[in-house]
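# Overview (structure and organization)
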Amino acid sequence: MEGRFATGKAWILDRGSGSGRGSGRTLEEAFDLESERLKAFIEDSPVPEVFSAHLEMLEDQLLRDTILRNVSGGMVPVDAVIAAEDEIMGLFLGIDDEYLRSRVDDVRDVCQGLIDCLEGASPNSYESLPPDAVVVAEELFPSDTAMMDLDKVKAFVTAKGSPTSHVRVIARSRGIPAVTGADISGIRSGDLLLVDEANGTVEVNPTEERLEAVRSMNRGVSVFPEEARRAVLDSGVKVLGNAGSIKEIEAVIGAGAEGIGLFRTEFLFLGSDNLPSEEEQYQIYKKAVEACQGRPLTIRTMDIGGDKTVPCLNLPKEDNPFLGMRGIRLSLSMPELFKEQIRAILRASALGKVRIMLPMVSRVSEVIQAKALVKECEASLEASGTAFGKNIEIGVMIETPAAAFVADLLACETDFFSVGTNDLTQYVMAADRGNASVSYLLDPLDDAMIQALRIVFKAAREKGVPAGVCGEAASEPKVAPVLCEMGADSLSLGSPALIGELKGSD
Ligand code: PEP
Ligand code: MG
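By convention here, each chain's residues receive numbers from 1 onward along its written sequence. All chains are assigned letters beginning at A, and all ligands numbers beginning at 1, according to the order in which they are written. Residue-level local features of this predicted model are given only where pLDDT is at least 70; pairs of side-chain atoms are given and counted only at 80 or more, and the full residue set underlies all totals for whole chains, interfaces and linings. Side-chain calculation: all heavy atoms of the structure are included, whereas hydrogens and water are not.

What follows covers the sheet that holds strand S2 (residues 133-137). Consider a sheet: its strands pair through backbone hydrogen bonds, and that pairing is either parallel or antiparallel. Within the open sheet, the six strands sit side by side as S4-S3-S2-S1-S5-S6. Their pairing is mixed. This sheet does not close on itself; its edge strands, each paired only once, are strand S4 (178-179) and strand S6 (201-204). Between any two strands, pairing holds if DSSP finds at least two bridges. Note on conventions: DSSP H or I runs of at least 4 residues are helices, E runs of at least 2 residues are strands, and numbering of each starts at the N terminus. Sheet analysis places strand S5 (residues 192-196) next to S6, joined by four bridges and oriented antiparallel. Its bridge partner being in S6, Asp196 is matched across the sheet by Thr201.

Time to look at the sheet that holds strand S13 (residues 467-469). The strand order around the closed barrel formed by eight strands is S7-S8-S9-S10-S11-S12-S13-S14, and the pairing between neighbours is parallel. Ignoring strand direction, the axes of neighbouring strands in this sheet form an average angle of 30 degrees. Across four bridges, the pairing between strand S7 (residues 238-243) and strand S14 (residues 490-493) is parallel. Across the sheet, Val239 pairs through a bridge with Leu491, a residue of S14. Against the sheet, helix H15 (residues 335-348) contacts strand S9 (297-300) and strand S10 (354-358), and its axis sits at roughly 155 degrees relative to S10. Simply put, an axis is a line fit to the C-alpha atoms, just over the touching stretch for a helix, and the angle between two N-to-C directions goes from 0 to 180 degrees. Only heavy atoms enter the contact rule, under which two residues are in contact if any of them lie within 4.5 Å.

Right, let's talk about the site of ligand 1 for a bit. Nearness is judged by heavy atoms alone; a residue qualifies as near a molecule or strand once a single heavy atom is within 4 Å of it. By nearness alone, 16 residues border ligand 1, and Arg264, Arg300, Gly420, Asn422 and Arg433 come closest of all. One of the side-chain N or O atoms of Lys308 is found 3.4 Å from an oxygen atom in ligand 1. For the area figures, the Shrake-Rupley method with a 1.4 Å probe applies, and any residue is considered shielded solely by the protein chains shown. Contact with the protein chains removes 100% of the 290 Å² of surface that ligand 1 exposes when unbound. A molecule is said to occupy a pocket when more than half its atoms come within 2 Å of that pocket's grid points, and by this definition ligand 1 occupies the largest cavity. Mapped by element, the contributors of at least two residues to the shell around ligand 1 are strand S8 (260-264) and helix H19 (421-428). Per-element accounting of the shell around ligand 1 gives the leading share, three residues, to H19. Residue classes in the shell around ligand 1 are distributed as three nonpolar, five polar and eight charged. Contacts described as polar in this section are N or O atom pairs within 3.5 Å, which, within protein, must combine one atom able to donate a hydrogen with one able to accept it, while residues neighboring in sequence count only if both atoms come from side chains. With a 1 Å grid laid over protein atoms only, a set of points is called a cavity when a 1.4 Å probe fits there but cannot get out and a pocket when it is open yet has protein on both sides within 12 Å along at least five of seven lines; lining residues have an atom within 4 Å of a point. For a cavity or pocket, the test is whether more than half of a molecule's atoms lie within 2 Å of its grid points; if they do, the molecule sits there. In the scheme used here, Gly and all other residues not listed as nonpolar or charged are polar, with Ala, Val, Leu, Ile, Met, Phe, Trp, Tyr, Cys and Pro taken as nonpolar and Asp, Glu, Lys and Arg as charged.

To continue, consider the coordination of the magnesium ion (ligand 2). Because water is not among the atoms used, a metal site may look incomplete, as its donors are only the N, O and S atoms within 2.8 Å, or 3.2 Å for Na, K and Ca. Protein coordination of the magnesium ion (ligand 2) is provided by Glu399 (OE) and Asp423 (OD), with donor distances spanning 2.0 to 2.2 Å. Taken together, the residues Glu399 in the loop between strand S11 (393-398) and helix H17 (401-405) and Asp423 in helix H19 connect sequence positions 24 residues apart. Type-normalised accessible area, obtained with a 1.4 Å probe on protein chains alone, sets the label of each residue: buried when under 20%, exposed when over 50%, and partly exposed for intermediate values. Classification of Glu399 as buried rests on a relative accessible area of 2%.

A word on helix H8 (residues 166-173). With eight of its eight residues buried, H8 lies for the most part within the structure. Every buried residue of H8 is listed here: His166, Val167, Arg168, Val169, Ile170, Ala171, Arg172 and Ser173.

Positive phi, normally seen in glycine, also occurs at Asn205, with a value near 45 degrees. When you line up the elements, Asn205 lands in the loop between S6 and helix H9 (208-218). By relative accessible area, Asn205 is classed as partly exposed at 45%.

This brings us to the pattern of salt bridges. By definition here, a salt bridge exists when the distance from a side-chain nitrogen of Lys or Arg to a carboxyl oxygen of Asp or Glu is within 4 Å. One pass over the structure, following the stated rule, counts 31 salt bridges. Measuring nitrogen to oxygen at the nearest pair gives 2.7 Å for the salt bridge that ties Glu203 to Arg210. Given a relative accessible area of 23%, Glu203 falls into the partly exposed group. If you follow the salt bridges from partner to partner, you end up with Glu266, Arg300, Asp303, Lys308, Arg326, Asp423 and Arg433 in one network.

Put into structure tokens, the structure is as follows:
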């Protein structure tokens, strides 16, 4: 880690999709390649049966015939595979047979493998990630980072995205510099890259003199200028940390955070093939409580949806996922899954100070429904004699304009607010946080945002509800003092380095 810049060798993630750089492989070659890959996995994997099932699916005549029929109908091979995948999955899901329904995931995985082979992406690409890599991609999703060994990543460079896209948020929490919205067309695999997050630039094959100049320019430079730091600390605001894993909790607490203002639990769901059970979640939340060493832990219930997809949930594809079944909407639509998470959180709350936080709220009724489920879970734990913390605090994230407008009503039903400026800015400004072309609109201090924040902090003040900020704006030296002045009682920062700098020695 070299501050907000890093150097490393370019490692290009070539999914093929949209890049126009297909491999030129024929369908038969793709079938052969995928078959070889699966056979290798069967030999090496501790769970060979998973890959045997995939191989069986690959060799299934129905899949091959459907793809070939689509090709004879005029489709290009990749489209033929996608159409076959949809058709066969629809077929399996429509049959009242548990076994066939359970094979839907196999169809999806095998078809994705075939598409990767056709488009040229190395299907086991993450396993070949070398150390000290600068990962270069058209676009990266949270599920990509969940599959990567982030210890090997020096920096991320993507063509799409903005400073608040999830890849940037994840990168920051791990101290990995990232530049989004970059021109990646001239980058070749193995090029030495100088990635400067602060200036949003990527230099290809810089000279040693240039590298030394940047190193010396950055030596001892603090991101939080003293004036901003003083303004924040003098306001008496609590400095908390954001985290998506136990490792990240340890890092922010180690850096001096007074607690965790946002534990993003959906990351527990993203990287796995199976949904974590109540017990598995409990074990993680227990470790999270322990890692907080007596400080408060705010557990956000799963914010699945948007760009955070969980394949094993088999959710229908949405045209506008950021405006769709995301966060609390999805949780309320799957009450059994939601209750497993709530029970796990409640059990962990017997071990320390835990708060529940609901994401993507837009109406008071969502909070009322969620609270009813919490009550139901408390009653079932009580009945079974399982320990849990009594009177757990339940708060909401203010990240939709609707929530901001009804902040006074929400305040009557909640114990705290946490403003998610990443989403609030995207929804107030109608500017996709993953779209580099409109990232100029993603200004948390835009006039419209100031109006929204005023409504929220005023309602919080009048109703006596503490309101913090856990979006990336809390980490911005120009914005943090403004948030404190407006009434934020806590700032939850996404980077241990920044927390260390802010809290550092006086
Ligand atoms: C936010 O929207 O500001 C936030 C903190 O949540 P996430 O970035 O996980 O969407
Ligand atoms: Mg959000």
